Amino acid sequence: MTTLVSAAQTQEGKGVGSSALRPDGALKVTGEFAYSSDLWIAGMVWATTVRSPHAAARIRSIDVSKALAVDGVHAVLTHEDVPGAKTYGMKVADQPVLAIDQVRYQGEPVALVAADDPETARRAAELVEVDYDLMEPVTDAERALDPDTRWIHDGANLVRHVKIRHGDMEKARAQAEVVVVGDYEVGMQDQAFLGPESGLAVPAPDGGVELYVSSQWLHKDLEQLAPCLALPPEQVRLTMAGVGGAFGGREDLSVHVHACMLALHLGKPVKMMYNRYESFFGHVHRHPAKMHYEHGATRDGKLVYVKARLVLDGGAYTSTSPVVIANASYFVAGAYAVEHAEIDGLAVYSNNPPCGAMRGFGAVQSAYGCESNMDKLARALGMDPLELRLKNAMTTGTVLPTGQPVDGPVPVRELLDALKARPLPESELNRDLRTLPGGVGNTTHGEGIRRGVGYAVGVKATGYSGGVDDISTARVTLSVAAGEPVVSIHTAAAECGQGITTVQSQIATTELGVTRVVVLPADTRIGDAGSASASRMTWMSSGAVQGACREITRELLSRAAAATGRNASTLALRDNAILDIVSNEPVASIADTVGGDTLERVYEYHHRPTQGIDPERGQGNAHVAFSFCAHRAVVDVDIELGLVRVVELAVAQDVGKAMNPMAVEGQIEGGSVQGLGLALMEEIVVDSLGKVRNPSFTDYLIPTILDVPPMPITLFEFAHPDSPYGLNGVGEPPTLSSTPAILNALRDATGLDLPRIPVRPDDIALDPVKAS
């Protein structure tokens, strides 16, 4: 159930504001959609990766002779065969294409094998002999910061230290009448997308290569890929293949360089497709975190200061850790007004799997710490946790710990009030087993069950921050086919399931009044669209498509005005016709006005400039916009068995403008479920040797439909003044607040601190005698 709170009018038809159906929806439901793993071309060979079984070792030698002798094997490549740059990376080029002299995490690629079929490739890969000299792995992030600990990379194990100093902490400590401290920990979460990494590389006649791959950012892929292949960018052409989910895990390269290397080496098309086991090693994960929080407040609950130290484990390579720790540090204080702050955010290297982008991008970790400590503060004050949040909710003009005043809508109180006003679900007596903790496992009949309620709010920046020039480019073409006007749209925007293809079509219908719209495949033949991340893609690509459409609109109306003797300002486009605004009657058809011409415009959209924070005090106007979400969780807990059932997960979120309400609802539900997974079950378990113990969906648990509770959603549409149509980011905020809301509900039910997520049954199970 979704409630839409808005003064805006929802447009009829399939334009902006309507729940237009996705063109890929039916195909995905029926299994007919072509994902990157479905790619096939005549004459292709299959490739696989030889990966290190160790987290830390020097490589003495690699012997590929036995693998090459296998019938059907076409090539076995090592780092010596990399044609260009030996390393790549999202922010720092420190990750080897293939391990050179050492391996830094379990699963690091060491060699490549290409063969007639995947089974032959796998058998041959097992015959590659690598002589390893084992080293003691560095697997504890705090230990990695010790000066006496072995360096993972030359220089130090510190990736970045973000230091934020705001206000006067000496003064703040004197004012604070109640102080609470808490230590919180977040486990390593996997994106768990259902489509493993895959791609097809095809040699091109000009000596270059065509790569069809599932990705979140084709141009960033190209930027890293071309130097490794020793090719100019124009000879490396990337086309988006069907993406089976991403959530940040497809920002970094995976099969890209390996498939292209083999294709160029062999002069044959090469397909690479990870199985689920390999996928766990083939992409980055959410950073595990250890966080120390301190809140100071007056006795009436007014926040005075926040102090925090965050340590994020970035694993073996840099990836996006410098930006993730910055984002985590920016939002340590959460969605609350606080005048004084002292924040230290540290990202470190270790011999654990590399970590990078995942939905929420650092703000998930800090939101968990902040919201958990806010409930702890409420208990210390003897105050209702919801009222504490309402009392300190930030508003427009609130100054962040980074010194930036928050502009645009800041509806934190409205979101919390909406949750407060929503009736709580009724307790069920004589309940069906399926409604009890443990479900049909029949482990409880209702004895020892306690109910808890918890609240949390999340705030995050929309779009790129810190002085990055955010950009998206669109080419829009209007022509006539079979007597009808047809719009085609070409961008590099990654469709990862969030619905950007549909939104682009809706914009064209709204702006140009044309019902037939074709969205061309995303590729690098058009300018950069940026990444499908940071809740930015709809904002940025909508701006680009809208800009190109409006330039065509001006041309159309100018032509129509000249032909009819009217003023262009009195004309509008709708239903394939040009209308008189006053009479609402058509004065010409769009098809006749276009005639035999093709109207084409390319538009490059940028959001307003931001700036990086200064390194000494962390001050600066780093963000262009902010998005907000709040959750209320209701849970039932069997305190003797430690079993949990989330009864309801109510959501209130400001989306600026619901471009496609059904898609928005899907994003909010999906983000909330990922937050539920992090709260209760999802964790990549890495042992003291740096080895992953559960690289499968048998042992890495993700929520199923039986774990997902009712999620009543209240949407607010507070138009953002700087964005196309007033829209705001949607995809990430639900992941921020859903996790701590569930944990706060568990604490309410059990009285336990529960500092670490995900929570396990043995974290909850109480001694029955004490529990009574």
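Scroll up a little and you will see the structure.
To keep things clear, this report deals only with the structure shown in the data block. (Residues numbered from 1 in each chain as written. Predicted model: local features only at pLDDT ≥ 70, side-chain atom pairs only at ≥ 80, totals over all residues. Heavy atoms only, no water.)

Attention shifts here to the sheet that holds strand S21 (residues 484-490). Reading across from one edge, S22-S21-S20-S26 is the order of the four strands in this open sheet, with mixed pairing throughout. Edge positions in the sheet fall to strand S22 (516-519) and strand S26 (599-606), since each of these pairs with one other strand and no more. Each adjacent strand pair in this sheet contributes to an overall mean axis angle of 20°, direction not counted. In the sheet, S21 pairs with S22 via four bridges, with the strands oriented parallel. When the sheet's bridge partners are listed, Val 486 is paired in S22 with Arg 516. The strands that helix H13 (residues 500-512) touches are strand S20 (471-481), S21 and S22; relative to S22, the one it contacts most, it runs at about 145°. Sheet strands in contact with helix H14 (residues 537-564) are S20, S21 and S26, and its direction is about 145° off that of S26. (Pairing = 2+ DSSP bridges. Helix = DSSP H or I, 4+ residues; strand = E, 2+ residues; numbered from the N terminus. Axes fitted to C-alpha atoms, helices over the stretch in contact; angles between N-to-C directions. Contact = heavy atoms within 4.5 Å.)

Another aspect to go through is unusual backbone geometry. With an omega of 0°, the peptide bond running from Ile 757 to Pro 758 counts as cis. With respect to the element layout, Pro 758 can be found in the loop between strand S30 (756-757) and helix H18 (761-764).

Locating Glu 732 in the fold gives a position in the loop between strand S29 (713-716) and helix H17 (733-750). You can call Glu 732 buried: its relative accessible area is 7%. For the pair formed by Glu 732 and Ser 627, sequence separation is 105 residues and the distance between their alpha carbons is 8.9 Å. For Glu 732, the contacting residues outside a window of four places in its chain are Arg 359, Gly 360, Phe 361, Lys 460, Ala 534 and Ser 535. Here Lys 460 takes part through its side chain, which lies 3.0 Å from a polar atom of the side chain of Glu 732. (Buried < 20%, exposed > 50% of the residue type's maximum accessible area, 1.4 Å probe, protein only. Polar contact = N/O pair within 3.5 Å; in protein donor to acceptor, adjacent residues only side chain to side chain.)

A few words on the packing of aromatic side chains. Inspection of the entire model under this criterion finds 11 aromatic pairs. When the centroid spacing of 6.1 Å and the interplanar angle of 80° are considered together, the rings of Tyr 105 and Tyr 317 count as edge-to-face. Taken as a pair, Tyr 105 in the loop between strand S7 (102-103) and strand S8 (109-115) and Tyr 317 in the loop between strand S17 (303-313) and helix H9 (321-330) lie far apart in primary sequence, 212 residues in all. Relative accessible area serves as the criterion here: at 1%, Tyr 317 is assigned to the buried category. Look at Trp 217 and Tyr 464: their rings are 5.8 Å apart centre to centre, the planes differ by 25°, and that puts the pair in the stacked class. Here the residue Trp 217 occupies a position in the loop between strand S13 (209-213) and helix H6 (218-229), and Tyr 464 occupies one in the loop between strand S19 (449-461) and S20, the gap between them amounting to 247 residues. For Trp 217, a relative accessible area of 14% gives the class buried. By the ring-pair criterion, three or more aromatic residues cluster together here, those being Tyr 184, Tyr 293 and Tyr 368. Geometry around Phe 193 places Arg 250 over its ring, the cationic atom sitting 4.1 Å from the centre. (Phe/Tyr/Trp six-rings, centres within 6.5 Å; stacked < 30°, edge-to-face > 60°. Lys NZ or Arg CZ within 6 Å of the ring centre and 35° of its normal.)

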